[in-house]
Amino acid sequence: MRNLGILVIAGFAILALALPVFAEQYVTWGKDGSCVLTTLDGEKIEFAPGELGTLFGPGKQPFKGKKIAITVNAAGPKGGICGPLYRFRPAWEELTGAKLDIVEIPFAEHYTKVMNDLRLGIGQYDGFMTGSFWYGDLVGGNYIIPVDDYIKDPRFPKWDPNSMPNSLRTLYSWGGKMYGVLNDADGQVLYYRKDILTDAKWREAFKKEYKYDLPVPPKTWDQVLDIAKFFNGKDWNKDGEPDSGIVLHPKVGEQGMFHFMSLSAPFVYLPGPKVDKAHNLYWFDPETMEPLINSPGHVKALEFLLELAKTGPKAQVGWSLGEAWDYFLRGKSIFVFSWGDVGALVQDTSRSKVKGKIGASILPGCYEVYDRSKGKFVKLDKPNIVGNTTGGSWHGVISRLSKNPDVVYSLLALHATKPVSLWNASRGWTGVDPGYKYQFLPPEGTANLKDYLAEGWSENDIREYLKAYHDNFYAEHVVTYLRIPGAFEYFTTLDQNLSAAMSGQLTPKAALDKTAKQWDEITDRLGRAQQLKLYQEAIGYKK
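Residues numbered from 1 in each chain as written. Predicted model: local features only at pLDDT ≥ 70, side-chain atom pairs only at ≥ 80, totals over all residues. Heavy atoms only, no water.

Colleague: Help me understand the sheet that holds strand 11 (residues 244-246) in this model?
Modeller: Picture the strands of a sheet paired through backbone hydrogen bonds; they go either parallel or antiparallel. Strand order across the open sheet formed by four strands is 11-12-10-13, with mixed pairing between neighbours. Here the strands that pair on one side only, and so sit at the sheet edges, are strand 11 and strand 13 (358-361). Sheet twist, expressed as the average angle between the axes of neighbouring strands with direction ignored, equals 20°. Packed on one face of the sheet, helix 17 (residues 459-473) meets strand 10 (189-193), strand 12 (333-338) and strand 13 and runs near 10° to strand 13. (Pairing = 2+ DSSP bridges. Helix = DSSP H or I, 4+ residues; strand = E, 2+ residues; numbered from the N terminus. Axes fitted to C-alpha atoms, helices over the stretch in contact; angles between N-to-C directions. Contact = heavy atoms within 4.5 Å.)

Structure below.
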């Protein structure tokens, strides 16, 4: 996907214009104060005069002799979230004079190791590329520091929190203070094979069987199921083998629970003017901390997910993200609903056969949603469409135990700058997904279509992709995010029980009843009163 030639040529043009006055291997300063950073792969990234802050400049290395350690989910030098740290490490080290130790930890162990470091006061790590669902523990334990003063400090690389939609900015803050530095924007959208769903032959056959026009994109999950059933088992990609309706990534221990959270939201989340005991809820009763995870809405959603899974490959029950994504990229399924990585990976023709053939939309809704106040499902005039910030929205925070918080912030802020953020968002492998104004095309944002086309994007795909993400993050209703202490433990038990349901070991109701019982035990162990207080703060509940 990357177009190195264009980038290098552009870089040369910039250097010639700016008249470089100081050049090292990875950092070149122009006479006007502009700067070009070179990544580990030789790509050139331009910064306007002053964009990197006043700390840095020709011959300056303000943090020389210092060293920091940053933890990140293990994925290798070219992996999601940690890959960009490797790509920009040489340039950052030349800018600052400091050294960066990238500490890769497997996803399943990352949270535990970080919390052990903080709770025991060890201070082995200076910062963390954290998931937003850790905030209850990190802020509740006073383990990380706010970055509001740093953001205003002209010495550091510049980035703008106002470029974030409220749905994402909320995840980077707590109690009115910013703790996170802009990086990833997670949310799940529906990807589909637009070329197949708009084919006249298939549309005629679908209408003959289902008695209604095939909707593109589908507006309800029932429509998704009909379409997936229709195409499942047919050789619609003409490779001589039966293909699938959908592909999922539900492998236990690999973030499979996020699929359920996104899909179940419109079955459960009843929009209202404010948060009360019936409206704008998903996780717990806001007055008792009674788990809602086994409500009739959640059970119906899980039953639906199992029915939908039947239109996918049998092996998917043990598939993680990469395996499911590759199945869609190879043109074997009509649908996948997942994170922003998919849209960018579609452009990589060494891995993808579907470039220029996809559509994308905010996740579908339902005409019926469970109403707790009435104790029954209620019918709506239009589908209940609910946006989501499902996932980690992985980003950097600073440990209160760090002896070098300025050094840590300089690294995180560099990755939050507009040039680096755009560079990340246009590449699927980085794991840094789009969600900010300058990444969306007009009229939703200020990005330039030419920049995406120069990076090898299909114009059809980038328009579909960015529109879907804008609709999702700026949706009228966005399901609340669980950020209280123990969120990782709540998620883990849900993940394990969902896996048991997906593999047929438990019925949907039994799986969710077991989850609710375990959530009650976690809540009691952590302190119900304190959990309730933090939960009310997190979702904005007031009596």
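Colleague: Explanation requested: the packing of aromatic side chains in the structure shown.
Modeller: Pairs of aromatic rings are described using the distance from one ring centre to the other and the angle between the two planes. Considering all chains together, one arrives at 42 aromatic pairs under this definition. Aromatic side chains Trp 221 and Phe 337 sit 5.2 Å apart centroid to centroid with 65° between the ring planes, which places their arrangement in the edge-to-face category. Note that Trp 221 is positioned in helix 9 (residues 221-231) and Phe 337 in strand 12, a separation of 116 residues in sequence. Among the residues examined, Trp 221 registers a relative accessible area of 1% and is labelled buried. Above the ring of Trp 429, the side-chain terminus of Lys 78 is found at 4.3 Å from the ring centroid. Sitting over the ring of Phe 377, Lys 300 keeps its end group 4.5 Å from the ring centre. (Phe/Tyr/Trp six-rings, centres within 6.5 Å; stacked < 30°, edge-to-face > 60°. Buried < 20%, exposed > 50% of the residue type's maximum accessible area, 1.4 Å probe, protein only. Lys NZ or Arg CZ within 6 Å of the ring centre and 35° of its normal.)

Colleague: Sorry, what's going on with the nonpolar core here?
Modeller: It is characteristic of soluble globular proteins that their nonpolar side chains tend to be buried jointly. Phe 133, Tyr 191, Trp 221, Phe 231, Leu 308, Phe 335 and Phe 337 are the most contacted members of the largest nonpolar core, which has 174 residues in total. Among all residues touching Trp 221, those that are not within four sequence positions of it are Leu 263, Pro 266, Phe 267, Phe 304, Leu 308, Phe 337, Leu 363, Pro 364, Gly 365 and Cys 366. (Core = buried A, V, L, I, M, F, W, Y, C linked by side-chain atoms within 4.5 Å.)

Colleague: Explanation requested: the pairing of strand 13 in the structure shown.
Modeller: A regular strand places its side chains so that they alternate between the two faces of the sheet. Taking every second residue as pointing to the same face, both faces of strand 13 are buried, with Ile 358 and Ala 360 on one and Gly 359 and Ser 361 on the other. The pairing of strand 10 with strand 13 spans four bridges and is antiparallel. Looking at the pairing, Arg 193 lines up with Ile 358 of strand 13.

Read these as layout, nothing more, since geometry by itself doesn't imply function.
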